[in-house]
Amino acid sequence: MNFGLSEEQEMIVKTVRDFVETEIYPHENEVERTGIVPPDVAEDIKRKCIELGFYACGFPEEIGGAGLDHLTFTLVERELGRGSMALTVFFGRPSGILMACEGEQRERYLLPAVRGERIDALAITEPDAGSDMRGMKCAARQDGDDFILNGTKHFISHADVADFVIVFAATGEEETSKGVKKKITAFLVDRGTPGFDIVKGYDSVSHRGYHNAILNFTNCRLPKSQVLGEVHRGFDLANQWLYGTRLTVAATCVGRARRVFDLALPYAAERKQFGKPIGANQGVSFKLADMITEIDAADLLTLSAAWKLDAGIPANRELASAKLYASEMLARVTDEAIQIFGGMGLMDDLPLARFWRDARVERIWDGTSEIQRHIISRDLLRPFGA
C-alpha cells in the first residue's frame, strides 16, 4: 500500500492551499462581521480560480473540466475546507449530478456551469422532508407535455447566487415491499421562471455569509425538456451522484480541523502559565495528542473512501463512515482547541469560535450522523439478512 501523494497531487495541494491563504483568508473577518460576500470579491475569486484551471476541476476534460479523479478532487476539497465556505463556494464545484444532462441541456446548463458562466444550486430539503427524501410534498403533476410544479424547499445552500436550481419533486407513487413510496423526478429550473420565487432563508450561526434560501413554486410550468435524467427516476439519480457530497463534507472537515490544530499547537508551546509552557502539562499535551490522532484517522478514512471510488470498489459504507467520523471529529477538535486557548478562544480576535460554530452544521447537512449510522449498520447487517 502506498500512502504517498504523486508529484502532481503535491503540487495541486500546495496550489490550492496557497490560493486559500492568499485569496480567501484576507476576506474572512469582514464576511463574518457582515454576513455578506461583496459581488466584486466573489467575481475575483471565481476569475482567479478559472485562470488557475481549477474551476469545475472534478469534471471530465472533454467538457472543459480538469478531469481530477476522486482522490485528487478530495485533496482539493480538503484544502478548501481551511477557508470560509461563503468564499470558497466561488472556487467553483458545480453539482456532479449535472453530468446527467442530455441534448440541449448540456449547452444550457452543464457546459456553462463548467465554464463558470452559470451557478447551480441543489434543492431537495423541505420543511417536512429532510432525511426522508421520499416524504417530500413538493410535487409536479404532468399537464400534456409540461409539468406543473408546486411546493416549497428550504435550507437550499447558495440559491441566492444561483442562476438555476436542480429541484427534486414527487411525480407519482409506487408500491414497494415497504409500502407505497413516492416517485421522484429531478427538474432544471431557471431563476426568473414564472411561478418560481427565491426568498431569503434563515439566519444561521454556522458559515456566515454562506446563505440558505427558501424556494417557493406556485403553478410553475416546466416543459418536459427541463427533466434531468428520466421521469420518476430522480431518487436513483440522487443516489448515483450525491455520494460525492458526503466525501466533500468529510474532506472539508479534515481541512478545517487541521487549520484549528495549526493554531492550537504553537499556542500550547508558547503560552506560559506557572512558569512553563502550557503544552508541558499533560492536561494540554494529551489534548493535542488526541486531536492529531483523530484528524489523521479522519483524513485516512476519507482518502481511503475516495481511493475506493477510483478503483471501482463499492464504498457506500466507507463514505458514510468518513462523513460521520470527520464531522464529529471536527466538533471535538474545535472544542478542545478553545479549551487550550481558554477565554481567548471565544473572542472574535481569533477564528476559533467561528470554526466551533461552523462545525455544528456538519453533523446535520448532507445526511445527519444518524442517517450515516443507519447506512453503515444496514451495510454490515445486510449479508446476514437482518
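Please read these numbers as outputs of a predicted model, since none were measured by experiment. (Residues numbered from 1 in each chain as written. Predicted model: local features only at pLDDT ≥ 70, side-chain atom pairs only at ≥ 80, totals over all residues. Heavy atoms only, no water.)

### Some words on the overall build of the protein chain
Note the following rule: Put simply, DSSP H or I for four residues or longer makes a helix, DSSP E for two residues or longer makes a strand, and each gets a number counted from the N terminus. Taken over C-alpha atoms, the radius of gyration is set against a globule rule of 2.2 Å times the number of residues to the power 0.38. Relative accessibility decides the category of a residue: with a 1.4 Å probe and only protein chains considered, values under 20% of the type maximum give buried, values over 50% give exposed, and everything between is partly exposed. Working rule for contacts: check all heavy atoms of both residues, and any pair within 4.5 Å makes them a contact. Under the counting rule used here, the positive set is Lys and Arg, the negative set is Asp and Glu, and His together with the chain ends is not counted. Note on charges: their place is set at NZ of Lys, CZ of Arg, CG of Asp or CD of Glu.
The number of helices and strands found in the protein chain is 11 helices and 10 strands. Radius of gyration (C-alpha) of the protein chain: 22 Å, near the 21 Å computed for a compact globule of 386 residues. C-alpha atoms of the protein chain, sized along the principal axes, occupy 80 × 55 × 40 Å. By residue count, 49% of the 386 residues in the protein chain fall in the buried class. Of the contacts made within the protein chain by residues no fewer than 6 positions apart, 74% connect residues no fewer than 24 positions apart. If the 46 positive side-chain charges of the protein chain are averaged to one point and the 57 negative ones to another, these points end up 4 Å apart.

### Brief notes about the layout of surface pockets
To keep things clear, this is the line we draw: Here the term cavity refers to a set of points on a 1 Å grid, laid over the protein atoms alone, in which a 1.4 Å probe fits but cannot get out; the term pocket refers to an open set having protein on both sides within 12 Å along at least five of seven lines, with lining residues being those that place an atom within 4 Å of a point. Grid points are joined across faces, edges and corners, and a volume is the space filled by probe spheres set on the points. Each residue is assigned to one of three groups, with Ala, Val, Leu, Ile, Met, Phe, Trp, Tyr, Cys and Pro labelled nonpolar, Asp, Glu, Lys and Arg labelled charged, and all others, Gly among them, labelled polar.
Volume-wise, the second largest pocket comes out at about 380 Å³. Lining the second largest pocket are 13 residues, with Asn2, Phe3, Leu300, Leu303 and Ser304 positioned closest to its centre. Here the element with the most residues in the lining of the second largest pocket is helix 8 (residues 282-310); it accounts for 6 residues. Residue composition of the lining of the second largest pocket, grouped by class: 7 nonpolar, 3 polar and 3 charged.

### Notes on the nonpolar core
Stated formally: Working definition of a nonpolar core: buried Ala, Val, Leu, Ile, Met, Phe, Trp, Tyr and Cys residues. They are joined through side-chain atoms within 4.5 Å.
Judged by nonpolar contacts, the single largest core of 82 residues is most densely connected at Val76, Phe168, Leu228 and Ile340. If near-sequence neighbours (up to four positions away) are discounted, Val76 is found in contact with Ile12, Val16, Phe54, Cys57, Leu68 and Phe91. Core analysis: the second largest hydrophobic core is formed by 21 residues, Leu149, Val165, Ala213 and Leu222 among them.

### Brief notes about empty space enclosed by the protein
To find leftover empty space, a probe the size of one water molecule is rolled over the atoms. Tallying each qualifying case throughout the model produces 1 cavity of 30 Å³ or more. Put simply, the largest cavity is a space of about 60 Å³. Glu28, Val31, Glu32, Ser84, Met85, His207, Arg208, Arg354 and Asp358 together form the lining of the largest cavity. Where the lining of the largest cavity is concerned, the elements lending two or more residues are helix 1 (7-34) and helix 10 (352-361). Element by element, the count of residues in the lining of the largest cavity is highest for helix 1, at 3 residues. Here the lining of the largest cavity is built from residues that sort into 2 nonpolar, 2 polar and 5 charged.

### Brief notes about the packing of helix 7 (residues 243-270) against helix 8
Quick note on the threshold: Axes here refer to lines fitted to C-alpha atoms; in helices the fit is confined to the stretch in contact. Angles between the N-to-C directions go from 0 to 180 degrees. Reported orientations rely on four angle classes, namely roughly parallel under 35 degrees, roughly antiparallel over 145, roughly perpendicular from 65 to 115, and oblique for the rest. The crossing is said to be left-handed when, going from far helix to near helix, the turn is anticlockwise and less than a right angle, and right-handed when the turn is clockwise.
Where helix 7 meets helix 8, the axes come as close as 10 Å, and the angle between the chain directions of the two elements is 155°. Comparing their axes, helix 8 and helix 7 come out roughly antiparallel. The two elements helix 7 and helix 8 cross, and the hand of that crossing is left-handed. The residues of helix 8 that touch helix 7, namely those facing Tyr243, Leu247, Ala250, Ala251, Val254, Ala257, Arg258, Phe261, Ala264, Leu265 and Ala268, are Val284, Leu288, Met291, Ile292, Ile295, Asp296, Ala298, Asp299, Thr302, Ala305, Ala306 and Leu309.

### A look at the state of the cysteines
Going by this rule: Note on terminology: pairs of cysteine sulfur atoms within 2.5 Å are recorded as disulfides.
In this structure the tally under the stated criterion is 0 disulfides. Looking at the unpaired Cys101, the closest cysteine sulfur is the one in Cys220, lying at 17 Å. Looking at the unpaired Cys138, the closest cysteine sulfur is the one in Cys220, lying at 9.3 Å.

### Re the domain arrangement of the protein chain
Often the size quoted for an interface is simply the accessible area lost on bringing the parts together. As a reminder, the rule being used: For the domains described, the bounds stem from an automatic or database domain assignment. A quick way to say it: buried area is the sum, across both parts, of accessible area lost when two parts are put together, with a 1.4 Å probe. Put simply, a salt bridge is a Lys or Arg side-chain nitrogen that is within 4 Å of an Asp or Glu carboxyl oxygen. Polar contact criterion, stated in full: a pair of N or O atoms within 3.5 Å, where within protein one must be able to donate a hydrogen and the other to accept it, and residues adjacent in sequence count only if both atoms are side-chain atoms.
Taken domain by domain, the protein chain consists of domain 1 (7-102), domain 2 (120-228) and domain 3 (237-384). The gap between the C-alpha centroids of domain 1 and domain 2 is 26 Å. Summed over both partners, the interface of domain 1 with domain 2 comes to about 1100 Å²; 72% of that surface belongs to carbon and sulfur atoms. Where domain 1 touches domain 2, the interface holds 1 salt bridge. Of the charged contacts in the structure, one is a salt bridge between Glu32 and Arg208, with a shortest N-O distance of 3.5 Å. On the surface where domain 1 and domain 2 come into contact, there are 3 residue pairs in polar contact (both at pLDDT 80 or more). Of all elements in the fold, only helix 1 and helix 4 (85-88) reach the threshold of two or more residues within the side of domain 1 that touches domain 2. Residues that form the side of domain 1 that touches domain 2 fall into these classes: 12 nonpolar, 2 polar and 1 charged.

### Brief notes about helix 9 (residues 316-341)
What counts, and what does not: What a helix is expected to span follows from its residue count: subtract one and scale by 1.5 Å.
Given a rise of 1.5 Å per residue, 26 residues ought to cover 38 Å, and the 38 Å separating the end C-alpha atoms of helix 9 matches this to within 8%. Burial of helix 9 is extensive: 19 of the 26 residues sit out of reach of the surface.

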